[in-house]
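Now for the letters of each chain:
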Amino acid sequence: MIYNAKMECMSREDMRKLQSERLQKIVKTCYEKVPFYTRKMDELGVKPEDIKSIDDIVKLPFTTKHDLRDEYPYGLQAVPQSEIRRVHASSGTTGKPVVATYTQNDLDHWAEGVARVLAAGGVGKEDVVQVSYGYGLFTGGLGAHDGANKVGAVQLPTSAGNSEKQTMLMQDLGSTVLACTPSYALHLAEVIENSDKVNLKDLKLRVGFFGAEPWTEGMRRELQSKLGIKAYDIYGLTEMSGPGVGGECDCQDGTHLWEDMFFPEIINPETLQPCAPGEFGELVFTSLCKEAMPIIRYRTRDLTRLNYGKCACGRTAVRMDRILGRSDDMLIVRGVNVFPSQIETVLTEFPVFTPQYFITIDRKGNEDSFDLDVELRTEFFSPNPSKQMPYIKPLYDRIVSLCGIKPNIHIKEPGAITRSIGKAKHVEDKRNFRG
Ligand SMILES: [Zn+2]
């Protein structure tokens, strides 16, 4: 189902016209109302009048996460405080978080972005949407909640955690839709598997919308088979609003981005120049509708590519490839670039392993070490190391050939690797603390 056919299926020509109009307006607002952008644009010698079409976006300055932290908390706000209806903040791992503010129109646009994704997965008035993203400053919970409200579905705000209770409610209250991080969905699937009260066959669960962390096709297969659902990607980031910057359609051949609201570019993260069409690079967004905190050319650090080809679903909205990784997440081990998601991809190729893993990186002498904890599924597990060996060798060979690093693999008992209820933590880099 297409929630807003006018916007999601607009001709390229009309979309560019709309994007050009909206960009001109947002640049004027930023230049006049936000001292940060006045200064940045003056430094580059760009005036709002120089922006005549969406192609002129390349003349504008970038905004980085660092800039958002410097302007903490309200430095980038373009409206008076009396127009603000809500504040969210991203989980800063160190130091100050990134704060996002919203007017009522911003909240409406955000809810529409999520509604478009839910509708693409067939969610409507008959559905019960269990929101198992955390509620709070994190945009996941309330974002999914407002989107479910917009499509007229029942909202079941279980939030994350209390997994036994929430799987019981899933069964008793007839949840048809699950929204959470993919790692938490996997954890819920395991709780259901081990429960004597909840039965997969008694669940009404039909679809799931998973986001807030990069995930793989292997994880999709795992979630679809374990939960008996169709699993869709929902993409977003707090700096643009939250979840619902885009999502997958039924074709599951790329994530459509709602480019009437969020203009995407792909740049080379080294040269900062635009990439050729179809080339991998860093995703950059400009919010075209945001009132409270419009952001120009925000560098997401997410690495992906864009496909402007026609989608079989009928939408013309550009499609984004699966996120290869966040450049911040990229590990450099013995000079080789590795993304944790590559390890997940390899693990899901081997049916004997669960998709759970934990990487520990350390430096011993002058050499980096890469230790990988993995779990065998219960039916394949034996505490006897000689019985584990036949499983280790093929996994080791595959990681060497795909990632170019030699891992020390440790097999753990099923369930031994810590499960997360929000965004998964897969890596500990001990080198950072040793200088
Ligand atoms: Zn499509």
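Keep in mind that what you see is a predicted model, and the values were worked out from it rather than measured. Here the residue index of a chain counts from 1 through its sequence in written order. Two thresholds apply to this predicted model, a pLDDT of at least 70 for residue-level local features and 80 or more for giving and counting side-chain atom pairs, whereas whole-chain, interface and lining totals are computed over all residues. The basis for every side-chain value is the complete set of non-hydrogen atoms in the structure, without hydrogens or water.

Peer 1: So what exactly am I meant to see when it comes to the overall build of the protein chain here?
Peer 2: The way it works is that DSSP assigns letters per residue, a run of H or I at least four long becomes a helix, a run of E at least two long becomes a strand, and they are numbered from the N terminus. Across its full length, the protein chain holds 11 helices and 21 strands. With the radius of gyration taken over C-alpha atoms, the globule rule is written as 2.2 Å times the number of residues to the power 0.38. A compact globule built from 435 residues should have a C-alpha radius of gyration of about 22 Å, and the protein chain, at 22 Å, falls within 12% of that. Projecting the C-alpha coordinates of the protein chain onto the three principal axes gives extents of approximately 70 × 60 × 40 Å. Three labels apply to residues, based on accessible area from a 1.4 Å probe with only protein chains included: buried if under 20% of the type maximum, exposed if over 50%, partly exposed otherwise in between. When the 435 residues of the protein chain are sorted by exposure, 55% land in the buried category. Across the protein chain, every contact between residues at least 6 apart in sequence was considered, and the portion connecting residues at least 24 apart equals 65%. Only the protein chains shown count as covering a residue, and every accessible area follows the Shrake-Rupley method with a 1.4 Å probe. Accessible surface for the protein chain amounts to roughly 19,100 Å². Of this, 51% is attributable to carbon and sulfur atoms. Averaged over its 55 positive side-chain charges, the protein chain has a centre that lies 0 Å from the centre of its 59 negative ones. Contacts: residue pairs with any heavy atoms within 4.5 Å of one another. Under the convention used here, Asp and Glu are negative, Lys and Arg are positive, and both His and the chain ends fall outside the count. Charge positions come from single atoms, namely NZ of Lys, CZ of Arg, CG of Asp or CD of Glu.

Peer 1: Just to check I follow, could you spell out helix α3 (residues 35-44) for this structure?
Peer 2: Side chains of residues three or four places apart in an α-helix project in the same direction, reflecting 3.6 residues per turn. Restricting attention to buried positions, one finds in α3 the residues F36, Y37 and M41. Projected down its long axis, α3 carries its buried residues within an arc of 115 degrees, all on one side. Across α3 from its buried face, at more than 90 degrees, point the exposed residues P35 and E43. Looking at the packing, one finds that the buried side of α3 touches α2 (12-33) and α4 (65-70). As used here, the arc belongs to the directions running from the helix axis to the C-beta atoms.

Peer 1: Mind showing me how you'd approach the domain arrangement of the protein chain here?
Peer 2: One frequently used descriptor of interface size is the decrease in accessible area upon assembly of the parts. One can read the domain layout of the protein chain as domain 1 (1-326) and domain 2 (330-433). The source of the domain bounds is an automatic or database domain assignment. Taking only C-alpha atoms, the centre of domain 1 and the centre of domain 2 are 30 Å apart. The partner domain 2 presents 15 residues to the 22 residues of domain 1 that form the contact. Once two parts are joined, some of their accessible surface, as seen by a 1.4 Å probe, is lost; buried area is that loss totalled over both. Between domain 1 and domain 2, roughly 1,500 Å² of surface is buried when both sides are summed, and carbon and sulfur atoms account for 53% of that area.

Peer 1: Help me out: how do you make sense of the packing of helix α7 (residues 163-172) against helix α8 (residues 182-193) in this one?
Peer 2: Think of two packed helices as two axes; the pair is described by the angle between the axes and how far apart they sit. Closest axis-to-axis distance for the α7/α8 pair is 10 Å, and the angle between their directions is 80 degrees. The pairing of α7 with α8 is recorded here as roughly perpendicular in orientation. Facing S163, E164, Q166, T167 and M170 of α7, the residues of α8 in contact are Y184, H187, L188, V191 and I192. Note on residue categories: nonpolar means Ala, Val, Leu, Ile, Met, Phe, Trp, Tyr, Cys or Pro, charged means Asp, Glu, Lys or Arg, and polar means any other residue, Gly included. A class-by-class count of the residues in the contact of α7 with α8 yields 5 nonpolar, 4 polar and 1 charged. An axis is simply a line fitted to the C-alpha atoms; with a helix, the fit covers only the stretch in contact. Between two such axes, the angle follows the N-to-C directions and lies from 0 to 180 degrees. Throughout this description, any angle smaller than 35 degrees is read as roughly parallel, any larger than 145 degrees as roughly antiparallel, any in the 65 to 115 degree range as roughly perpendicular, and the remainder as oblique.

Peer 1: What is the right way to read the nonpolar core from this model?
Peer 2: Among buried residues, the Ala, Val, Leu, Ile, Met, Phe, Trp, Tyr and Cys ones that are joined through side-chain atoms within 4.5 Å form a nonpolar core. Ranked by size, the top nonpolar core spans 64 residues in total, and within it L23, L60, V123, F209, Y235 and F285 carry the most contacts. The element contributing the most residues to this core is helix α5 (residues 104-120), with 6 residues. The contact partners of V123, leaving out residues within four places of it in the chain, are M1, L118, V129, V151, A153, V177, R206, V207 and F209. Judged by nonpolar contacts, the second largest core, of 24 residues, contains I343, F350, V374 and V427.

Peer 1: Got a minute to help me understand the coordination of the zinc ion in this structure?
Peer 2: Around a metal, the idealised angle for a tetrahedral arrangement of four donor atoms is 109.5 degrees; for an octahedral arrangement of six donor atoms it is 90 or 180 degrees. Around the zinc ion, the protein supplies C249 (SG), H256 (NE2), C311 (SG) and C313 (SG) as donor atoms, at distances of 2.1 to 2.3 Å. Coordination geometry of the zinc ion: the 4 donor atoms subtend angles of 105 to 114 degrees at the metal centre, consistent with an arrangement described as tetrahedral. Note: metal donors comprise N, O and S atoms at 2.8 Å or less from the metal (3.2 Å for Na, K and Ca); water molecules are not included, so apparent gaps in a site are possible. All donors of the zinc ion come from a single chain, and their spacing in sequence reads C-x6-H-x54-C-x1-C. The class for C313 is partly exposed, based on a relative accessible area of 22%. Geometry is assigned from donor-metal-donor angles: four donors are tetrahedral when every angle falls between 85 and 135 degrees, four are square planar and six octahedral when opposite donors sit over 155 degrees apart with all other angles between 65 and 115, and any other arrangement is irregular.

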